[in-house]
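What follows is the residue order along each chain.
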There are 4 protein chains.
Amino acid sequence: MARPEIAKLGHVALVSSDLEKSLWFFKEVIGLEETEARDGVHYLRAWGDFQHHTLSLEAGDGGQVRHIGWRTKRPEDVQAFRELLEQDGVEVETVKAGTTPGIGEAIRFPLPSGHQFELYYDVEKPKADEHRRSVLKNQTYKAWAKGVSPRRFDHVNIHTDTDAALTYDFLREQLGFKMREYVRDDDGNVLAGWMSVTSLVHDLAFIQKPSLPSPARLHHISYWSDDSQDILRAADILKENGLRFIGPGKHGISQALYLYVMDPGSGCRVELFTGGYLIFEPDWEPVEWTLAERDLGNTYWGDTVSDKEDNNVTIMA
Amino acid sequence: MARPEIAKLGHVALVSSDLEKSLWFFKEVIGLEETEARDGVHYLRAWGDFQHHTLSLEAGDGGQVRHIGWRTKRPEDVQAFRELLEQDGVEVETVKAGTTPGIGEAIRFPLPSGHQFELYYDVEKPKADEHRRSVLKNQTYKAWAKGVSPRRFDHVNIHTDTDAALTYDFLREQLGFKMREYVRDDDGNVLAGWMSVTSLVHDLAFIQKPSLPSPARLHHISYWSDDSQDILRAADILKENGLRFIGPGKHGISQALYLYVMDPGSGCRVELFTGGYLIFEPDWEPVEWTLAERDLGNTYWGDTVSDKEDNNVTIMA
Amino acid sequence: MARPEIAKLGHVALVSSDLEKSLWFFKEVIGLEETEARDGVHYLRAWGDFQHHTLSLEAGDGGQVRHIGWRTKRPEDVQAFRELLEQDGVEVETVKAGTTPGIGEAIRFPLPSGHQFELYYDVEKPKADEHRRSVLKNQTYKAWAKGVSPRRFDHVNIHTDTDAALTYDFLREQLGFKMREYVRDDDGNVLAGWMSVTSLVHDLAFIQKPSLPSPARLHHISYWSDDSQDILRAADILKENGLRFIGPGKHGISQALYLYVMDPGSGCRVELFTGGYLIFEPDWEPVEWTLAERDLGNTYWGDTVSDKEDNNVTIMA
Amino acid sequence: MARPEIAKLGHVALVSSDLEKSLWFFKEVIGLEETEARDGVHYLRAWGDFQHHTLSLEAGDGGQVRHIGWRTKRPEDVQAFRELLEQDGVEVETVKAGTTPGIGEAIRFPLPSGHQFELYYDVEKPKADEHRRSVLKNQTYKAWAKGVSPRRFDHVNIHTDTDAALTYDFLREQLGFKMREYVRDDDGNVLAGWMSVTSLVHDLAFIQKPSLPSPARLHHISYWSDDSQDILRAADILKENGLRFIGPGKHGISQALYLYVMDPGSGCRVELFTGGYLIFEPDWEPVEWTLAERDLGNTYWGDTVSDKEDNNVTIMA
């Protein structure tokens, strides 16, 4: 049997201590569309997302992420992953189809770092309501209806203060993530890795920090826009809505043009970005950045992502 | 053994009846970089291309394309493809490593439509000369050195006046291309298909025409830029260099923002474009456009790609 | 006494046969803000306009323009213009302050071509409501609240089928417009002139046509955006709202990047544009375009403004 | 006789301690065109500048600015200004026509702050060489030939550590500059003023500093680009050329999107920018920013212009 594979990042399940504010932020400011709201949970996606939702929002104590969902390549991969993980001593939970609207049977399990992942194959790809639907058959919603209006969900960035090496191995060997770029210290330890199962430079960034407000942190989720100008327009929109943010700037690593802004409801940081490159070479050699090169890797130019505002506390349950 | 797979589009080998003019066009106007010139053949790539070259240019009678090269996913895929193709009665030619600078052992064979394809795994990914090299470790050349300066080679668009169905089957079944979007007539025949082996909507567009100047035509090759503004800047550059072009416009199919301009040396058309979307869904259902929807599919808005200037005669040997 | 001078274009008073549709078009699609509605007239302006309104909309029979308003440089210029005009035999009407909300005492008179002009000095520059107000002290509204969201009113383009020479002389000699660019036929007659009282290439384009649906036509009004990308985003927005338009394209004359779209309520055409250049040279020599050069003057590149859709019938009363 | 008036900013005469490096910076990186070089002085302008040159560069000890040149509205204004200034006790020097290539008879005099101004009316507006000339009749050079390629010279920013009030009065009363925006301290003293004779928010910014490396400093000269994307492209170009810079960011005051980079030869800082707004209202009330509002005025968003790199020492002789 073929090794099971992850096809793509699916969604993030977010809990907000101020749901009203989070809904305002994600729907009016960022401009996500709501597929549906059920049992107090709001299911959102960008105008170019196909899957039922790429972000769910519900009320709860403290900003937290329940899990990060990924879609497998084949239906049978979900069970195949379960077997592989259980063989490896990982505790795997089953989630019945329909537990989450739009998502079929799933498994959930923690990374060695404690971050909760969910894997599933079946997803609904509902059409948009007619008045919000694009005239294009290959686009879910009309673009530019409100707010920043990014095209699609792109990646997640998670932090650990445990030994990252275990988790890098797990991501690579159990889950099939390929390392695309990384920062290593002078002893050869990987401190930050940008990994993907797709042609994107990263679907997942995994970064080791000396200490964190919570052992397993979601640093940010990221939505992708088509044009640099969209990011500058986003800066105007965020500023006029009274939101503080970092950027614009351009990373050396991944070559992404970015803004970082925090959801005032959940404390979850959102990266609005464009640019970057795609990796189609099958023998991609991970790009290594030494500590001496890390500054250029972090910031090709622009407003720096420093530790100055690095205070979001989105823990993972 | 796993089915052999194609990883990505590699390069196009172009013959120009006016090499001087083609070099001016591709190097100064489009802004491609020259990796090397050997035995009268010039090997070019964009600043973000990693492979040795994505376009080769040599002098010869009439504009023609020798072959379209593709890189396989694994080293053993080249021989595996040979076996599969020969089992199917396709005549396969072997090309020894190094015949083309930067490219390892390859096989060549015609599609049912007559277009010549080349498959190989081994490629060199030479660094740029120091003074042209980017300060970024993940980028080959400094961007914006000259001309339009697109980031990377993207796709090819080829035309046939034979029965396209045979070739669609061949592309899908022998070579593993997935259909992403297509136009069909009222009898259900596919007239145009956008196909890919990557997350791009198309690495290859294959289009049936009632009649053509040559049985197998390369309609255009395409280089990708990051931003819409790059395409508008390209329009200024082309105009100031005395080149006629079609666009800017935006396709419905693939959602690409485009310009089409012809190399005055070879007659090969080049699409400069950005935008579009990526397909990560493993169960992507090809988007169908009927004849009635074809106009929207061709032109979401802007200057239309009509038959008015559809006169390039880039044949395939 | 100093010669009276016009400082800037002020506003256009538009009558729509389908006010509901016009309000949807200008407020939701174009994204203008409403300063106030009084006595059935809606007063609109762009987010960066300072004056009370730059467009008024009211219901009436047939699309028509009541008048085009201009602001003088000094308070006393209004009366000085009246005297000059009356000396010249022009019939001048007085409009009492407050007849139009936000606008002080004005005079109205026809150009030789029949187009009705209004001149005034006093205008209100009301602040925006607090929730729509920009955080910037030099900007009226938050930008990007809805629709295309252009920055400011820019110019008007009017057509005549009478002898244009009389009107050019009038605009130049009575009103102080400077010719910036023009098209002339082989006999030296000016067929189209781009004229301004500001540093813009044109506040007013005046164009002679062989025949028109009404003797004095407003061809289009124009709102200005900051970035090329704004125009491409506008194209998406117009298309998704079911509106047909011409462009994007770039004029040679004025170097403007444009879209042309018609208000479905009034039939008034709106140009959305950016780019262009500013004229600060005090001895600017008007740029002459011969008939042979007119095509390049009309279209540097892109989708052409042809006569194909040149069917709007916005007459001037 | 009418009061003499300044029409526009003309040019800056810069002395570089490393002319070679300055020429590389301004010609290859910024992408200015050279009209001519004579007697060791290089005369440069942007592709959209009409005047003979907007920057002159010559070798000399230390980075310095000889003078800032302005063009008057009428030929007779030069002598009228001389009379006004001399009546006011200002020492005025006459410069014979042709002393500076392309510039007619001029007068030179110091501001109260010591900055040397030059006024002239006559300028040559030479066409570009044929191979560099735009196909457009209203544009001097082909755009995008090399480097950042801004459209035109825009403004100068000068600093003083003397009592600024004297100079503000002089600029307003003697030279006719209008205050557009300003920062004042809690005692009502103007600390920074953005002033213009055109519709730009500023042709001249004049800023008081507690202490300076030289009594009269040129802080920066500024070239304008059409699009936001041009500024981001400029950031890539500067970075790849090994140049440090501040930005991208957006000022609240003037609403300009900016980069600041220093010529490594002369130490003269150059602002590359776009955006901003135009002032056509004849009764513009200067926008006042208090000390409490200064941060927003300086930085609407983005990488801040702090004092951290505020070390250029371009003195005025």
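Here's what I pulled together on the structure shown here. (Residues numbered from 1 in each chain as written. Chains lettered and ligands numbered in written order. Predicted model: local features only at pLDDT ≥ 70, side-chain atom pairs only at ≥ 80, totals over all residues. Heavy atoms only, no water.)

## Section: the interface of chain B and chain D
At the junction of the two partners, chain B supplies 15 residues and chain D supplies 15 residues. Carbon and sulfur atoms supply 50% of the area buried between chain B and chain D, which totals about 1,300 Å² over both sides. By the criterion of area lost to chain D, the three top residues of chain B are B:Trp144, B:Gln229 and B:Glu240, representing 50% of everything that side buries. On inspection of chain B and its partner chain D, the count reaches two salt bridges. Between D:Glu240 and B:Lys142 there is a salt bridge whose closest N-O contact spans 3.7 Å. Summed over the shared surface of chain B and chain D, the result is ten residue pairs in polar contact (both at pLDDT 80 or more). Grouping the amino acids of the side of chain B that touches chain D by side-chain chemistry returns four nonpolar, three polar and eight charged. (Contact = heavy atoms within 4.5 Å. Buried area = accessible area lost by both parts, 1.4 Å probe. Salt bridge = Lys/Arg side-chain N within 4 Å of Asp/Glu carboxyl O. Polar contact = N/O pair within 3.5 Å; in protein donor to acceptor, adjacent residues only side chain to side chain. Nonpolar A, V, L, I, M, F, W, Y, C, P; charged D, E, K, R; others polar.)

## Details of the packing of aromatic side chains
Evaluated as defined, the whole model comprises 52 aromatic pairs over all chains. Consider the rings of B:Trp70 and B:Phe177, whose centres lie 5.1 Å apart with planes at 85°: the pair is edge-to-face. Here B:Trp70 is found in strand 5 (residues 64-72), whereas its partner B:Phe177 is found in the loop between helix 3 (164-174) and strand 10 (178-184), with 107 residues between them in sequence. On the basis of an interplanar angle of 90° and a centroid distance of 5.2 Å, the ring pair of D:Tyr168 and D:Phe206 is categorised as edge-to-face. Here D:Tyr168, found in helix 3 (residues 164-174), pairs with D:Phe206, found in strand 12 (residues 204-208); they are 38 residues apart in sequence, far enough to count as distant. Positioned over the ring face of C:Tyr121 is C:Arg71, at 4.7 Å from the centre of the ring. Its guanidinium or amino end placed over the ring of A:Trp144, C:Arg233 lies 5.6 Å from that ring's centre, counting from NZ or CZ. (Phe/Tyr/Trp six-rings, centres within 6.5 Å; stacked < 30°, edge-to-face > 60°. Helix = DSSP H or I, 4+ residues; strand = E, 2+ residues; numbered from the N terminus. Lys NZ or Arg CZ within 6 Å of the ring centre and 35° of its normal.)

## Digging into the relation of the copies chain B and chain D
For the pair chain B and chain D, the superposition axis carries a translation of 0.0 Å, the fit reaches an RMSD of 0.0 Å, and the rotation angle comes to 180°. In the structure described here, the two chain copies are related by an operation that fits a two-fold rotation axis. (Least-squares fit on C-alpha atoms with pLDDT ≥ 70 in both.)

## Comments concerning the pairing of strand 14 (residues 245-250) of chain B
Residue and element names in this part refer to chain B. The element strand 14 is largely enclosed, with a buried count of six among its six residues. As paired strands, strand 14 and strand 15 (residues 256-262) are joined by four bridges and run antiparallel to one another. Looking at the pairing, isoleucine 246 lines up with tyrosine 260 of strand 15. Hairpin geometry of strand 14 and strand 15 is characterised by an intervening segment of five residues between the two adjacent antiparallel strands and by a positive phi of about 75° at serine 254. (Buried < 20%, exposed > 50% of the residue type's maximum accessible area, 1.4 Å probe, protein only. Pairing = 2+ DSSP bridges.)

## Here's the deal with the packing of helix 4 (residues 228-240) of chain A against helix 4 (residues 228-240) of chain D
Relative to each other, helix 4 of chain A and helix 4 of chain D sit at 105°, their axes nearing to 9 Å. Taken together, helix 4 of chain A and helix 4 of chain D sit at an angle that is classed as roughly perpendicular. Contacts between helix 4 of chain A and helix 4 of chain D involve A:Ser228, A:Gln229 and A:Leu232 from the first element and D:Ser228, D:Gln229 and D:Leu232 from the second. Its residues assigned to classes, the contact of helix 4 of chain A with helix 4 of chain D comprises two nonpolar, four polar and no charged. (Axes fitted to C-alpha atoms, helices over the stretch in contact; angles between N-to-C directions. Parallel < 35°, antiparallel > 145°, perpendicular 65-115°, else oblique.)

## Brief notes about the relation of the copies chain A and chain B
Both copies of the chain are related through a single rotation about an axis accompanied by a shift along the same axis. Once chain A has been moved 0.0 Å along the axis and rotated by 180°, it coincides with chain B to within an RMSD of 0.0 Å. Most of the interface of chain A is mirrored in chain B: 100% of its interface residues are interface residues there too.

## Regarding the pattern of salt bridges
For the structure shown, the criterion picks out 88 salt bridges over all chains. Residues A:Glu36 and A:Arg38 are paired through a salt bridge, measuring 3.1 Å at the closest nitrogen-oxygen approach. By relative accessible area, A:Arg38 is classed as partly exposed at 37%. Through salt bridges with shared partners, a single network forms among A:Lys8, A:Arg71, A:Lys125, B:Glu281 and B:Asp283.

## Focus on the interface of chain A and chain B
With 42 residues of chain A at the contact, the number on the chain B side is 42 residues. Summing both sides of the interface, chain A and chain B together bury roughly 3,700 Å²; the carbon and sulfur share of this comes to 54%. On the chain A side of the interface with chain B, the three residues burying the most area are A:Lys137, A:Asn138 and A:Phe280, jointly 18% of the side's total. Connecting chain A to chain B are ten salt bridges.

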